[in-house]
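Chain residues, written in single-letter form:
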Amino acid sequence: MIRLPGLIDPHVHVREPGQTHKENWDTATQAALAGGVTAILAMPNTKPPIFNNSTLDLALEAARQKARCDYAQFVGAGPDNADILPSLAPKAAGLKMYLDSTFGELRLNDMTLWQPHFEKYPKDRPIVLHAESRTMAAGILFAAIYDRPVHIAHISLREEVLLIKAAKERGIKVTCEVCPHHLFLTRDDIPAISHGHPGRGEVRPRLATREDVKALWQNLDVIDCFATDHAPHTIEEKDSDSPPPGFPGLETLLPLLLSAVDHRQLTMDYIIEKSVINPRRIFDIPEQPETWVEVDEQVEYEIHAADQFTRCGWTPFEGWKVKGKVTKVVLRGKTAFQDGKFFVEPGYGRDIRKS
Ligand SMILES: [Zn+2]
């Protein structure tokens, strides 16, 4: 048995408000605890999106009632909310900017709409960018121009990790995260994930080439955090004619990482650095007292969606053999999860921006 600190996942789509048939604050935080994650940062592209005071309060109230682990909620950058977001910064996880995929209130059609956010959002609060490939380079330029930190979400490409490496070497304040599915899957795995339903392989950023994945592993030192980008959609949605992109990931994160330790691809120190120490520093998350995760590193088992607590009912890692199982999670002195059962009620989770 090994004991780890509670993991922090800085990138989770809780789906509440608005899409609770996919997930909600209760099921997402059950999935988190079952995966050894004791704090999640929730993304703002809900329905409605979280982009002003009333929508932020809507999400935080749902979280207050239902969350079983600790949490904070991102606000999203839109074309006309740069003036109001700084006043919300103390109660937000940070500011999320979607620089590539754009929709609704969080649409940022051109770079003049990025500028006021970089100018006005408090420099000591995190800005997270969804920015792929050359858009990522533009985002890093903004970090340099405005001399403020940015965190690049879910990097997946060789060109991205190499550019971030070069930017870091020159003192630009950039950090980044990688998702397990971009470390353990390539585009060659899509047929096996799909089982004849190509929508199941859809995720943004897309699964990359073997060379990209190899470059991520070779440059793990450059990567600051592991993040799941837990993005649940139901199996019916994934198998429909217009499949939404996204994979669930909260319950597979730690078993995959522990298996990589078993295969000597990773060390336990790396897991703690990238899932606890660095996210705590980058996102200014207070230490969770009396909080730990117990893992039986010798247990071998297969991943099955049927065993998971996420509402979405599927996983791209179905049938994968892993070694290392979360047996118990203690959160702030209380056993929250043990042997597949929860011992804290919805509402036990705390807003980490309030403590
Ligand atoms: Zn995401």
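These numbers were taken from a predicted model, which means no experiment stands behind them.

### With respect to the packing of aromatic side chains
At step 1: Taken as a whole and assessed by the stated rule, the structure comprises 12 aromatic pairs.
At step 2: Seen in terms of ring centroids, Phe247 and Trp314 are 5.8 Å apart; in terms of plane orientation they differ by 80°. Their pairing is edge-to-face. Taken together, the residues span a long stretch of sequence, with Phe247 in the loop between helix 10 (235–238) and helix 11 (253–262) and Trp314 in the loop between strand 11 (292–302) and strand 12 (321–331) at a distance of 67 residues. In this pair, the class of Phe247 matches that of Trp314, namely buried.
At step 3: An aromatic cluster is present here, built from Trp114, Phe118, Phe142 and Tyr146 joined pairwise through their rings.
At step 4: Above the plane of the ring of Trp292 lies Arg3, whose end atom (NZ or CZ) is 3.8 Å from the centre.

### Focus: the nonpolar core
At step 1: Core analysis: the largest hydrophobic core is formed by 93 residues, its most contacted members being Ile40, Met97 and Ile152.
At step 2: Among all residues touching Ile152, those that are not within four sequence positions of it are Leu129, Ala131, Met136, Ile140, Ile164, Val174, Thr175, Cys176 and Glu177.
At step 3: The next biggest cluster of nonpolar side chains, apart from the first, holds 17 residues, and it includes Phe51, Ala72, Ala93 and Ile352.

### A short note on the coordination of the zinc ion
At step 1: Around the zinc ion, the protein supplies His11 (NE2), His13 (NE2) and Asp229 (OD) as donor atoms, at distances of 2.1 to 2.2 Å.
At step 2: Here the donor residues of the zinc ion share one chain and are spaced in sequence as H-x1-H-x215-D. In this pair, His11 is assigned in strand 2 (residues 7–12) and Asp229 in the loop between strand 10 (225–226) and helix 10, connecting sequence segments 218 residues apart.
At step 3: Residue His11 is classed as buried on the basis of its relative accessible area, which comes to 1%.

The rules behind the values
- Residues numbered from 1 in each chain as written.
- Predicted model: local features only at pLDDT ≥ 70, side-chain atom pairs only at ≥ 80, totals over all residues.
- Heavy atoms only, no water.
- Phe/Tyr/Trp six-rings, centres within 6.5 Å; stacked < 30°, edge-to-face > 60°.
- Helix = DSSP H or I, 4+ residues; strand = E, 2+ residues; numbered from the N terminus.
- Buried < 20%, exposed > 50% of the residue type's maximum accessible area, 1.4 Å probe, protein only.
- Lys NZ or Arg CZ within 6 Å of the ring centre and 35° of its normal.
- Core = buried A, V, L, I, M, F, W, Y, C linked by side-chain atoms within 4.5 Å.
- Contact = heavy atoms within 4.5 Å.
- Donors = N, O, S within 2.8 Å, 3.2 Å for Na, K, Ca; no water.

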